[in-house]
Amino acid sequence: MDTHFYCTKERNFDYLTYENEIKKIGKRKYIEKIFQEAEFDYDLFLAKITSLGVEIDEITIKNEENPYQKYYTEILNNEMSIKDKNKIKSHLKQVEALNGFFAESNSKSDKELKKNSKQKKYMLVKFIIFLELQLSILEEIKEGKIIDESISPEKAKHTFDSYIFSSGNILKYLMYFVQLDEQYGCNRIFSEKDVSEIANFFIGYRERDNLMDVFEYWKYSKIEINSESNKNTINFLDEAFNRAVLVGNYRYKNFMWDIEKDITSKVAQKMKSEKSVVTQESVDNSISRELCLRHFGRENMTEKFLDVELTKWIDAIEFLKGESFNYSIKRKDVLSVNNLCIVKKEFEWKKKLMEFSHAISDNEAEVIINKLTFDKKSKDLVDAPLIKIKDKLILLPILTKQMRPLSAILSMFSRYEKDTKNNWGFKEYVLEARIKKLLDKSGNIHAVRLHKYITDQTRNEKETDLAFVLEDDLFIIECKNFNQPYTVREHAKTNGKIREAITQLNKSANFFEEHLDVVKEQLSINKDKSIKATHRILLTAAILGVAGKQENVWVVDEASFMKFLSKKRNLSEIPVEKILNFLESQVSIKNMQKKITRVWDEQGDIKYHCVEKIIEDI
């Protein structure tokens, strides 16, 4: 049975398709264009305008009129069916409702901040102090140093991650509220009362995370907004998409835990045999380095991102982590940024970085420190852990110790993914080599790349990453090293990538299926060998929230494939039936789906009907 992956909207509109056009003609002209073309297909128009999210500015909005109301007035004056007119009106009602929710949320946030108006110039430093203290407590809970029966280690880890993600959004909000050049107080010692004031703002703002989720799901999925008994309710109608996002995110966390445990075990054994001193920092650095080598490939460490070699980016993040591991708080009861955090001027950070890695030049150090400094375009504090106040750059040690160079680099890369200067095509070959080795080691399956140059008038090439014959069946695999999606937007983006990859795979697979003589020759099998069936597989490095049959292609991720093959290591040859049963069942995804259920979240002013993970893994 076909599985509809991250299908967004009633129409399968891939919002990625508009990105290139926006770059060509500009955002304003593109928006005018889709309004002009609305009458040709109202469903497609709504999918486009909603996905852009331009009718709502979640930070600066003050409950003003829809900025595109005049265009909608023109559309509604056109001759159209009642059904289409109701769709447009329903969309406008949702825009109005969401604008109202954000305006109310902003008003509450502004009131909390105004309570601190006497200390407005210390807003950022108080926030930094509060965040580092909270992360410190959560770290001790998840490591078992503090026993708190009200919060489990998994819940503590999830809360730790959500604090980091929320803190990025809060920092962006504060950057609109305060002037950065008017912020002071790195040396100032604050009272617990001072810090608790920013805590109230933080807690209130974190409730806004649900509203931000609604906005994202509204752009790429379907929601329903109702008002009853003086309580607004928001229903996430597309439960499958909502569930897929959570399943993918939690499966990725589990996958990384498993890989890190495996690396930790190997590193500890190696250090023990070499009689080296095993420290948390040395093990952590080994894990970070191995994760990068695994993803990028040892041979690609000199590839460049923003004109700086990958290995230097890794060195830079390891430098920041090392500074954090080596930093010790002088006095826990002293609430100041200078005491709790690492504070240096920008030129001092550059100097120390170049001392840590002599291979990094002055220009490269400037690029690196600049990109690792948080700004309004940063995703969160994972890809930009340095916070600038005046001429100082502040590093939060507890947060930074948790950084993984791989996650930080991929997070930064996702912002520049369409830039041809940063085209990391080599990642596909790294995944391909990893899967080829896994097939050979676990299933005694010899897979090869198929390639054929067409010498007719078209003069094009046909190729597929891996292919092998088992029994009488041909398996054709396309490997895609997509960045791991986390946000709703990224999961929606992954949907577009999957669709593009399926189209690409089918074009190549069609050719090789029609030219089995080429396949047999390149696989070095007898030309009289009978091929009775062909199976097409799209294998992604990104851990997915849903998988299975999409059109005529089996879609599976590396985590599931690795787990399946690891269980078959004692077999001399894996039966075709076992492979097909695995591709259809996707057990690891189904197991995670069982831990997630539909719930009502009624903690804040708005009641949300959404999915939530209710069974813990650890």
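Computed from a prediction, not measured in an experiment: that's the story for all the values here.

## Comments concerning the overall build of the chain
Then comes step 1: Counting its regular elements, the chain contains 22 helices and 15 strands.
Then comes step 2: Over its C-alpha atoms the chain spans a radius of gyration of 26 Å, differing by no more than 12% from the 25 Å that the globule rule assigns to 618 residues.
Then comes step 3: Taking the principal axes of the C-alpha coordinates as reference, the chain spans close to 85 × 80 × 50 Å.
Then comes step 4: Burial analysis of the chain (618 residues in total) assigns 54% to the buried set.
Then comes step 5: Sequence separation of at least 24 residues holds for 71% of the intrachain contacts in the chain that already meet a minimum separation of 6.
Then comes step 6: For the chain, the accessible area works out to roughly 30000 Å², and carbon and sulfur atoms hold 47% of it.
Then comes step 7: In the chain, the 102 positive side-chain charges and the 100 negative ones have mean positions that sit 2 Å from each other.

## Structural notes on helix H10 (residues 280–296)
Then comes step 1: For H10, spanning 17 residues, the distance from its first C-alpha to its last is 24 Å, which sits close to the expected 24 Å at 1.5 Å a residue.
Then comes step 2: Within the sequence span of H10, burial applies to Ser-282, Val-283, Asp-284, Ile-287, Ser-288, Leu-291, Cys-292, Leu-293, His-295 and Phe-296.
Then comes step 3: Once H10 ends, the next one or two residues include Gly-297, with phi positive near 90 degrees.

## Considerations on the side chain of Ser-411
Then comes step 1: Take Ser-411: it is sitting in helix H16 (residues 405–415).
Then comes step 2: When its relative accessible area of 8% is taken as the criterion, Ser-411 is described as buried.
Then comes step 3: A polar contact of 3.2 Å, which involves the side chain of Ser-411, links it to the side chain of Asp-383.
Then comes step 4: Apart from residues no more than four positions distant in its own chain, Ser-411 is found in contact with Lys-379 and Asp-383.

## Details of the packing of helix H4 (residues 69–76) against helix H5 (residues 82–115)
Then comes step 1: At a minimum axis separation of 11 Å, H4 and H5 run at an interaxial angle of 160 degrees. As summarised for this structure, H4 and H5 are arranged roughly antiparallel, according to the angle between their axes. Judged by the twist between their axes, the crossing of H4 over H5 is left-handed. Residue-level inspection shows Gln-69, Tyr-72 and Leu-76 of H4 in contact with H5, the latter providing Lys-85, Ile-88, Lys-89, His-91 and Leu-92.
Then comes step 2: Its residues assigned to classes, the contact of H4 with H5 comprises four nonpolar, two polar and two charged.

## Topic: unusual backbone geometry
Then comes step 1: Even without being a glycine, Leu-306 presents a positive backbone phi close to 55 degrees.
Then comes step 2: Within the secondary structure layout, Leu-306 lies in the loop between strand E3 (304–305) and strand E4 (308–309).

## Some thoughts on the pairing of strand E6 (residues 386–389)
Then comes step 1: Examined bridge by bridge, E6 and strand E7 (residues 392–395) share four bridges and lie antiparallel to one another. Residue Leu-386 lies in a different strand from E7, and its bridge partner there is Leu-395.
Then comes step 2: Here E6 folds back onto E7, and the loop between the two strands holds two residues, one of which, Lys-390, carries a positive phi near 55 degrees.

## Some points on the sheet that holds strand E8 (residues 448–453)
Then comes step 1: Spatially, the six strands line up as an open sheet ordered E8-E9-E10-E11-E13-E12, and their pairing is mixed. Sheet topology places E8 and strand E12 (548–550) at the edges, where each strand pairs with a single neighbour. In this sheet, adjacent strand axes meet at a mean angle of 35 degrees when their direction is disregarded.
Then comes step 2: Of the pairings in the sheet, the one linking strand E10 (residues 473–480) to strand E11 (residues 533–540) comprises eight bridges and is parallel in character. Each residue of the ladder has a partner; that of Asp-473, found in E11, is Ala-533.
Then comes step 3: Packing of helix H18 (residues 488–514) onto the sheet brings it into contact with E8, strand E9 (461–470), E10, E11, E12 and strand E13 (553–557), and relative to E11 it is tilted by some 150 degrees.
Then comes step 4: Each of E11 and E13 is contacted by helix H20 (residues 558–566), which is oriented at about 85 degrees to E13, the strand it contacts most.

Conventions we followed
- Residues numbered from 1 in each chain as written.
- Predicted model: local features only at pLDDT ≥ 70, side-chain atom pairs only at ≥ 80, totals over all residues.
- Heavy atoms only, no water.
- Helix = DSSP H or I, 4+ residues; strand = E, 2+ residues; numbered from the N terminus.
- Rg over C-alpha atoms; globule rule 2.2 N^0.38 Å.
- Buried < 20%, exposed > 50% of the residue type's maximum accessible area, 1.4 Å probe, protein only.
- Contact = heavy atoms within 4.5 Å.
- Areas by Shrake-Rupley, 256 points an atom, 1.4 Å probe, with all protein chains shown as cover.
- Lys, Arg positive; Asp, Glu negative; His and termini not counted.
- Charge placed at Lys NZ, Arg CZ, Asp CG, Glu CD.
- Expected span 1.5 Å × (residues − 1).
- Polar contact = N/O pair within 3.5 Å; in protein donor to acceptor, adjacent residues only side chain to side chain.
- Axes fitted to C-alpha atoms, helices over the stretch in contact; angles between N-to-C directions.
- Parallel < 35°, antiparallel > 145°, perpendicular 65-115°, else oblique.
- Left-handed = near helix turned anticlockwise from the far one by under 90°.
- Nonpolar A, V, L, I, M, F, W, Y, C, P; charged D, E, K, R; others polar.
- Pairing = 2+ DSSP bridges.

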